[in-house]
Amino acid sequence: MNKYIYRLNKNILKTEEGKTYTAYDVEAWTVKNQTYCLAESIPNVFLEYERAKNFIDSCNFLEISLVHLMDVIEDELS
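Right, let's walk through the structure included here. This is a predicted model, so every value here is computed, not measured.

Position of Asn-11 relative to the elements: it lies in strand β1 (residues 5-14). The spacing of Asn-11 and Val-45 is 34 residues in sequence and 11 Å in space, taken between C-alpha atoms. Leave out the neighbours within four places in its chain, and Asn-11 touches Tyr-21, Thr-22, Ala-23, Asp-25 and Asn-44. Polar contacts involving the side chain of Asn-11 include one to the side chain of Asp-25, which spans 2.6 Å. Of the polar contacts made by the side chain of Asn-11, one reaches the side chain of Asn-44; its length is 3.3 Å.

Okay, structure coming up:
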């Protein structure tokens, strides 16, 4: 069973009106042959850094399986 390391990726984006905002992706990384490999990236999940960081910290602490990641994200956002 693969162990995943979750991390944030910060994006600076623009609205249709040209206003900038920050969004955070959720990324799942795994190690293969002593190299980190991106297994999954879910774009623009969070707009608030603290909420995103707390979510990532929880995923890493609880060792969430990749197959459950979308369900965990949906639960967090509902």
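What follows deals with the pairing of β1. Note that β1 and strand β2 (residues 20-32) share 10 bridges and pair antiparallel. Across the sheet, the residue bridging to Tyr-6 is Ala-28, located in β2.

Taking 1.5 Å per residue, 14 residues should reach 20 Å; helix α1 (residues 49-62) reaches 20 Å between its end C-alpha atoms and fits that length. Among all positions in α1, only Ala-52, Phe-55, Ile-56 and Cys-59 are buried. When α1 is viewed along its axis, its buried side chains cluster within an angular range of 95° and face the same direction. Opposite the buried face of α1, at more than 90 degrees from it, the exposed residues are Phe-61 and Leu-62. For α1, the secondary structure elements touched by its buried residues are β1, β2, β3 (35-46) and α2 (69-77). Positive phi shows up at Glu-63, right after α1, with a value of about 55°.

This paragraph deals with the nonpolar core. Counting 15 residues, the largest nonpolar core has Tyr-6, Val-26, Phe-46, Phe-55, Leu-69 and Ile-73 as the members making the most contacts within it. Listed by contribution, the elements that provide at least two residues to this core are β2, β3, α1 and α2. With sequence-adjacent residues up to four places away left out, Tyr-6 is seen in contact with Glu-27, Ala-28, Ile-56, Cys-59, Asn-60, Ile-64, Ser-65, Leu-66 and Leu-69.

Rules used in this analysis
- Residues numbered from 1 in each chain as written.
- Predicted model: local features only at pLDDT ≥ 70, side-chain atom pairs only at ≥ 80, totals over all residues.
- Heavy atoms only, no water.
- Helix = DSSP H or I, 4+ residues; strand = E, 2+ residues; numbered from the N terminus.
- Contact = heavy atoms within 4.5 Å.
- Polar contact = N/O pair within 3.5 Å; in protein donor to acceptor, adjacent residues only side chain to side chain.
- Pairing = 2+ DSSP bridges.
- Expected span 1.5 Å × (residues − 1).
- Buried < 20%, exposed > 50% of the residue type's maximum accessible area, 1.4 Å probe, protein only.
- Arc of directions from axis to C-beta.
- Core = buried A, V, L, I, M, F, W, Y, C linked by side-chain atoms within 4.5 Å.

The values are spatial; any link to function lies outside them.
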